[in-house]
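# Overview (structure and organization)
This is what each chain is made of:
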Amino acid sequence: MPYELILLEVEPPVGVITLNRPAVLNALSPAVIAEVTAALGELERDDSVRAVVLTGGPKVFAAGADIGDMAERGPVEQLARDQTGRWAGITAFTKPLIAAVNGYALGGGCEMALMCDLVIAGDSARFGQPEINLGIIAGAGGTQRWPRTAGKYVAMEVNLGGQPVAAQRAYQLGVVNKVVPAEMTIEAAKRVARQLATKPPVALRLAKEAVNLALELPLQQGLLAERKNFYFLFATEDQKEGMHAFLEKRRAQFQGR
Ligand code: CAA
(Lines give C-alpha, C1' and ligand atoms only; values in the text may rest on other atoms or scores of the structure.)
Protein backbone atom coordinates (compact mmCIF):
# COMPACT_ATOMS: atom_id res chain seq x y z
CA MET A 1 0.00 0.00 0.00
CA PRO A 2 1.33 3.49 -0.79
CA TYR A 3 2.18 5.65 2.23
CA GLU A 4 2.37 9.45 2.33
CA LEU A 5 3.48 10.20 5.87
CA ILE A 6 5.88 7.35 6.55
CA LEU A 7 8.50 5.40 4.63
CA LEU A 8 8.41 1.61 4.69
CA GLU A 9 11.47 -0.41 3.71
CA VAL A 10 11.80 -4.16 3.87
CA GLU A 11 15.37 -5.44 4.00
CA PRO A 12 14.68 -9.05 5.03
CA PRO A 13 14.81 -10.08 7.79
CA VAL A 14 14.29 -6.48 8.99
CA GLY A 15 11.51 -4.00 8.28
CA VAL A 16 12.08 -0.28 8.83
CA ILE A 17 9.30 2.27 9.34
CA THR A 18 10.41 5.92 9.20
CA LEU A 19 8.04 8.71 10.23
CA ASN A 20 8.25 11.29 7.46
CA ARG A 21 6.76 14.68 8.31
CA PRO A 22 9.97 16.65 8.87
CA ALA A 23 8.27 20.07 8.47
CA VAL A 24 6.34 19.47 11.73
CA LEU A 25 8.97 17.36 13.50
CA ASN A 26 7.04 14.16 12.67
CA ALA A 27 3.95 15.32 14.60
CA LEU A 28 1.70 12.30 15.03
CA SER A 29 -1.63 13.06 13.43
CA PRO A 30 -4.28 10.30 13.34
CA ALA A 31 -3.33 9.76 9.68
CA VAL A 32 0.30 9.06 10.69
CA ILE A 33 -0.82 6.55 13.31
CA ALA A 34 -3.12 4.92 10.73
CA GLU A 35 -0.17 4.55 8.34
CA VAL A 36 2.14 3.21 11.08
CA THR A 37 -0.41 0.61 12.16
CA ALA A 38 -1.15 -0.33 8.53
CA ALA A 39 2.59 -0.78 7.88
CA LEU A 40 2.95 -2.87 11.03
CA GLY A 41 0.05 -4.99 9.76
CA GLU A 42 1.92 -5.55 6.48
CA LEU A 43 5.11 -6.45 8.31
CA GLU A 44 3.21 -8.76 10.65
CA ARG A 45 1.99 -10.75 7.65
CA ASP A 46 5.35 -10.76 5.86
CA ASP A 47 7.17 -13.95 6.89
CA SER A 48 10.46 -12.58 5.51
CA VAL A 49 10.41 -9.95 8.28
CA ARG A 50 11.39 -11.07 11.76
CA ALA A 51 12.05 -7.75 13.52
CA VAL A 52 11.18 -4.12 12.88
CA VAL A 53 12.86 -0.77 13.49
CA LEU A 54 10.63 2.26 14.06
CA THR A 55 12.40 5.59 13.65
CA GLY A 56 11.85 9.26 12.90
CA GLY A 57 15.08 9.48 10.92
CA PRO A 58 18.36 11.24 11.72
CA LYS A 59 17.09 14.48 13.34
CA VAL A 60 13.90 13.92 15.32
CA PHE A 61 11.81 10.96 16.46
CA ALA A 62 8.46 12.76 16.93
CA ALA A 63 7.43 15.96 18.73
CA GLY A 64 4.13 14.44 19.85
CA ALA A 65 0.54 14.34 18.75
CA ASP A 66 -0.38 16.96 16.18
CA ILE A 67 -1.35 20.00 18.26
CA GLY A 68 -2.91 21.75 15.25
CA ASP A 69 -5.18 18.77 14.77
CA MET A 70 -6.36 18.80 18.43
CA ALA A 71 -6.47 22.46 19.44
CA GLU A 72 -10.17 23.13 18.77
CA ARG A 73 -11.63 19.72 19.57
CA GLY A 74 -14.00 18.95 22.43
CA PRO A 75 -14.09 15.83 24.60
CA VAL A 76 -17.01 14.13 22.84
CA GLU A 77 -15.28 14.56 19.50
CA GLN A 78 -12.03 13.23 20.98
CA LEU A 79 -13.89 10.23 22.39
CA ALA A 80 -15.60 9.56 19.08
CA ARG A 81 -12.29 9.73 17.19
CA ASP A 82 -10.63 7.70 19.96
CA GLN A 83 -7.40 9.37 18.95
CA THR A 84 -5.04 7.51 21.26
CA GLY A 85 -7.05 4.26 21.41
CA ARG A 86 -6.06 3.76 17.79
CA TRP A 87 -2.43 3.45 18.86
CA ALA A 88 -3.24 -0.06 20.15
CA GLY A 89 -2.21 -1.34 16.71
CA ILE A 90 1.38 -0.62 17.76
CA THR A 91 1.28 -2.64 20.98
CA ALA A 92 -0.60 -5.44 19.18
CA PHE A 93 2.40 -6.05 16.90
CA THR A 94 3.86 -9.45 17.82
CA LYS A 95 7.38 -9.28 16.36
CA PRO A 96 10.25 -7.44 18.10
CA LEU A 97 9.83 -3.68 17.59
CA ILE A 98 12.89 -1.52 18.15
CA ALA A 99 12.71 2.26 18.44
CA ALA A 100 15.66 4.18 16.98
CA VAL A 101 15.39 7.63 18.57
CA ASN A 102 17.30 10.75 17.58
CA GLY A 103 16.38 14.21 18.82
CA TYR A 104 12.99 14.93 20.35
CA ALA A 105 10.71 12.09 21.44
CA LEU A 106 8.05 14.22 23.11
CA GLY A 107 4.45 13.62 24.12
CA GLY A 108 3.02 10.95 21.85
CA GLY A 109 6.50 10.56 20.34
CA CYS A 110 7.88 9.51 23.72
CA GLU A 111 4.87 7.27 24.30
CA MET A 112 5.43 5.65 20.92
CA ALA A 113 9.05 4.88 21.88
CA LEU A 114 7.86 3.47 25.23
CA MET A 115 5.48 1.14 23.34
CA CYS A 116 8.44 -0.45 21.56
CA ASP A 117 10.25 -3.50 22.92
CA LEU A 118 13.74 -1.99 22.89
CA VAL A 119 14.89 1.60 22.52
CA ILE A 120 18.19 2.58 20.93
CA ALA A 121 18.86 6.27 21.50
CA GLY A 122 21.22 8.62 19.73
CA ASP A 123 23.10 10.95 22.06
CA SER A 124 20.86 13.76 20.76
CA ALA A 125 17.68 12.06 22.04
CA ARG A 126 15.34 13.88 24.44
CA PHE A 127 12.43 12.00 26.01
CA GLY A 128 9.56 13.85 27.65
CA GLN A 129 5.89 14.46 28.31
CA PRO A 130 5.38 18.21 27.83
CA GLU A 131 1.58 17.90 27.55
CA ILE A 132 1.23 19.61 30.94
CA ASN A 133 2.41 22.82 29.26
CA LEU A 134 -0.55 22.56 26.86
CA GLY A 135 -3.11 22.22 29.65
CA ILE A 136 -3.54 18.46 29.18
CA ILE A 137 -1.78 15.27 30.25
CA ALA A 138 -0.26 12.39 28.32
CA GLY A 139 -2.95 10.36 26.60
CA ALA A 140 -1.14 7.45 24.95
CA GLY A 141 0.42 5.82 27.99
CA GLY A 142 2.87 8.40 29.36
CA THR A 143 1.45 8.42 32.89
CA GLN A 144 1.36 4.61 32.95
CA ARG A 145 4.50 3.43 31.16
CA TRP A 146 6.90 5.90 32.81
CA PRO A 147 6.15 4.64 36.37
CA ARG A 148 6.32 1.03 35.21
CA THR A 149 9.68 1.70 33.58
CA ALA A 150 11.41 4.33 35.69
CA GLY A 151 9.38 4.38 38.92
CA LYS A 152 6.96 6.84 40.51
CA TYR A 153 9.26 9.77 41.23
CA VAL A 154 10.80 10.01 37.79
CA ALA A 155 7.30 9.58 36.32
CA MET A 156 6.05 12.50 38.43
CA GLU A 157 8.99 14.66 37.39
CA VAL A 158 8.42 13.91 33.72
CA ASN A 159 4.62 14.16 33.67
CA LEU A 160 4.20 17.08 36.11
CA GLY A 161 7.32 19.05 35.26
CA GLY A 162 7.24 18.52 31.51
CA GLN A 163 11.03 18.82 31.18
CA PRO A 164 12.64 16.35 28.77
CA VAL A 165 15.13 13.72 29.91
CA ALA A 166 18.37 13.54 27.91
CA ALA A 167 19.59 10.28 26.36
CA GLN A 168 22.27 9.45 28.90
CA ARG A 169 19.95 9.99 31.87
CA ALA A 170 17.23 7.97 30.12
CA TYR A 171 19.79 5.18 29.85
CA GLN A 172 20.61 5.43 33.56
CA LEU A 173 16.88 5.27 34.33
CA GLY A 174 16.47 2.11 32.26
CA VAL A 175 14.21 3.81 29.73
CA VAL A 176 16.56 3.06 26.84
CA ASN A 177 18.73 0.03 26.12
CA LYS A 178 21.72 1.77 24.59
CA VAL A 179 23.00 5.25 23.70
CA VAL A 180 25.08 5.63 20.55
CA PRO A 181 26.38 8.61 18.54
CA ALA A 182 23.35 10.10 16.74
CA GLU A 183 24.66 9.25 13.27
CA MET A 184 24.83 5.55 14.28
CA THR A 185 21.36 5.18 15.84
CA ILE A 186 19.44 3.67 12.96
CA GLU A 187 22.24 1.29 12.00
CA ALA A 188 22.65 0.24 15.65
CA ALA A 189 18.91 -0.48 15.86
CA LYS A 190 19.04 -2.47 12.61
CA ARG A 191 21.95 -4.47 14.01
CA VAL A 192 19.88 -5.35 17.09
CA ALA A 193 16.97 -6.26 14.80
CA ARG A 194 19.19 -8.53 12.67
CA GLN A 195 20.45 -10.27 15.83
CA LEU A 196 16.90 -10.86 17.07
CA ALA A 197 15.95 -12.10 13.61
CA THR A 198 18.26 -15.09 14.10
CA LYS A 199 16.15 -16.24 17.06
CA PRO A 200 13.17 -18.62 16.80
CA PRO A 201 10.17 -16.46 15.82
CA VAL A 202 7.48 -18.30 17.78
CA ALA A 203 9.60 -18.22 20.95
CA LEU A 204 10.34 -14.53 20.35
CA ARG A 205 6.63 -13.83 20.08
CA LEU A 206 5.78 -15.71 23.26
CA ALA A 207 8.69 -14.19 25.18
CA LYS A 208 7.51 -10.70 24.18
CA GLU A 209 3.95 -11.55 25.20
CA ALA A 210 5.07 -12.92 28.57
CA VAL A 211 7.28 -9.94 29.43
CA ASN A 212 4.48 -7.55 28.55
CA LEU A 213 2.07 -9.54 30.74
CA ALA A 214 4.49 -9.05 33.66
CA LEU A 215 3.58 -5.36 33.59
CA GLU A 216 -0.11 -6.12 33.89
CA LEU A 217 -0.64 -9.29 35.91
CA PRO A 218 -0.09 -10.32 39.55
CA LEU A 219 3.00 -12.54 39.85
CA GLN A 220 1.22 -15.90 40.12
CA GLN A 221 -0.89 -15.24 37.01
CA GLY A 222 2.17 -14.02 35.16
CA LEU A 223 4.13 -17.13 36.12
CA LEU A 224 1.23 -19.30 34.96
CA ALA A 225 1.10 -17.53 31.61
CA GLU A 226 4.87 -17.90 31.24
CA ARG A 227 4.70 -21.61 32.06
CA LYS A 228 1.97 -22.22 29.47
CA ASN A 229 4.02 -20.43 26.82
CA PHE A 230 7.06 -22.46 27.88
CA TYR A 231 5.22 -25.79 27.53
CA PHE A 232 3.58 -24.70 24.26
CA LEU A 233 7.00 -24.13 22.68
CA PHE A 234 7.74 -27.86 22.96
CA ALA A 235 5.19 -28.25 20.15
CA THR A 236 7.39 -26.27 17.75
CA GLU A 237 9.91 -27.60 15.24
CA ASP A 238 12.19 -24.78 16.32
CA GLN A 239 12.42 -26.24 19.86
CA LYS A 240 13.59 -29.58 18.40
CA GLU A 241 15.99 -27.76 16.06
CA GLY A 242 17.36 -25.53 18.84
CA MET A 243 18.01 -28.39 21.27
CA HIS A 244 19.35 -30.80 18.64
CA ALA A 245 21.65 -28.10 17.25
CA PHE A 246 23.01 -27.53 20.76
CA LEU A 247 23.63 -31.25 21.28
CA GLU A 248 25.19 -31.61 17.82
CA LYS A 249 27.37 -28.53 18.39
CA ARG A 250 26.08 -26.67 15.33
CA ARG A 251 24.25 -23.39 14.74
CA ALA A 252 20.44 -23.73 14.82
CA GLN A 253 18.40 -22.76 11.75
CA PHE A 254 15.02 -21.59 12.95
CA GLN A 255 12.05 -21.70 10.57
CA GLY A 256 9.30 -20.17 12.69
CA ARG A 257 7.37 -23.42 12.88
N1 CAA B 1 2.23 19.28 16.57
C2 CAA B 1 2.14 20.08 15.51
N3 CAA B 1 3.18 20.79 15.02
C4 CAA B 1 4.35 20.70 15.67
C5 CAA B 1 4.51 19.92 16.82
C6 CAA B 1 3.38 19.17 17.28
N7 CAA B 1 3.44 18.35 18.35
N8 CAA B 1 5.78 20.05 17.26
C9 CAA B 1 6.39 20.89 16.41
N10 CAA B 1 5.54 21.28 15.46
C11 CAA B 1 5.81 22.21 14.34
C12 CAA B 1 5.96 23.62 14.80
O13 CAA B 1 4.69 24.25 14.93
C14 CAA B 1 6.78 24.22 13.68
O15 CAA B 1 5.94 24.46 12.58
P16 CAA B 1 6.11 25.86 11.74
O17 CAA B 1 7.50 25.77 11.15
O18 CAA B 1 5.02 25.78 10.72
O19 CAA B 1 5.99 26.96 12.73
C20 CAA B 1 7.70 23.07 13.29
O21 CAA B 1 7.09 21.89 13.79
C22 CAA B 1 9.07 23.18 13.92
O23 CAA B 1 8.90 23.32 15.32
P24 CAA B 1 9.59 24.50 16.17
O25 CAA B 1 9.80 25.71 15.34
O26 CAA B 1 8.81 24.66 17.44
O27 CAA B 1 11.02 23.82 16.46
P28 CAA B 1 12.00 24.10 17.69
O29 CAA B 1 13.25 23.38 17.36
O30 CAA B 1 12.07 25.55 18.01
O31 CAA B 1 11.30 23.37 18.96
C32 CAA B 1 10.16 21.57 20.06
C33 CAA B 1 11.16 22.00 18.96
C34 CAA B 1 10.76 21.90 21.45
C35 CAA B 1 9.97 20.07 19.94
C36 CAA B 1 8.83 22.33 19.88
O37 CAA B 1 8.41 22.19 18.52
C38 CAA B 1 7.71 21.82 20.75
O39 CAA B 1 7.67 22.12 21.92
N40 CAA B 1 6.77 21.05 20.15
C41 CAA B 1 5.60 20.56 20.85
C42 CAA B 1 5.94 19.41 21.78
C43 CAA B 1 4.70 18.96 22.53
O44 CAA B 1 4.10 19.72 23.29
N45 CAA B 1 4.30 17.68 22.35
C46 CAA B 1 3.13 17.10 22.99
C47 CAA B 1 1.95 17.10 22.04
S48 CAA B 1 0.44 16.55 22.80
C49 CAA B 1 0.55 14.87 22.80
O50 CAA B 1 1.50 14.27 22.33
C51 CAA B 1 -0.64 14.15 23.43
C52 CAA B 1 -0.48 12.66 23.55
O53 CAA B 1 -0.08 12.18 24.58
C54 CAA B 1 -0.87 11.77 22.47
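Reference entry: report on the structure contained in this document. (Residues numbered from 1 in each chain as written. Predicted model: local features only at pLDDT ≥ 70, side-chain atom pairs only at ≥ 80, totals over all residues. Heavy atoms only, no water.)

### Some remarks on the overall build of the protein
A tally of helices and strands in the protein yields 12 helices and nine strands. For 257 residues, the compact-globule estimate of 2.2 N^0.38 gives 18 Å, and the C-alpha radius of gyration of the protein, at 19 Å, lies within 12% of that figure. Reported as C-alpha extents along the three principal axes, the dimensions of the protein are approximately 60 × 40 × 40 Å. When each of the 257 residues of the protein is scored for burial, the buried share is 44%. Sequence separation of at least 24 residues holds for 66% of the intrachain contacts in the protein that already meet a minimum separation of 6. When the accessible area of the protein is evaluated, it comes to approximately 13500 Å², of which 58% is carbon and sulfur surface. Where the 27 positive side-chain charges of the protein centre and where its 27 negative ones centre are 6 Å apart. (Helix = DSSP H or I, 4+ residues; strand = E, 2+ residues; numbered from the N terminus. Rg over C-alpha atoms; globule rule 2.2 N^0.38 Å. Buried < 20%, exposed > 50% of the residue type's maximum accessible area, 1.4 Å probe, protein only. Contact = heavy atoms within 4.5 Å. Areas by Shrake-Rupley, 256 points an atom, 1.4 Å probe, with all protein chains shown as cover. Lys, Arg positive; Asp, Glu negative; His and termini not counted. Charge placed at Lys NZ, Arg CZ, Asp CG, Glu CD.)

### Regarding the packing of helix α10 (residues 201–214) against helix α11 (residues 219–232)
Contact pair α10 / α11: the axes reach a minimum separation of 10 Å and the direction vectors enclose 175°. On the basis of their axis angle, the class for α10 and α11 is roughly antiparallel. Across the interface between the two elements, V202, L206, E209, A210 and L213 from α10 touch A225, N229 and F232 from α11. In the contact of α10 with α11, the residues fall into six nonpolar, one polar and one charged. (Axes fitted to C-alpha atoms, helices over the stretch in contact; angles between N-to-C directions. Parallel < 35°, antiparallel > 145°, perpendicular 65-115°, else oblique. Nonpolar A, V, L, I, M, F, W, Y, C, P; charged D, E, K, R; others polar.)

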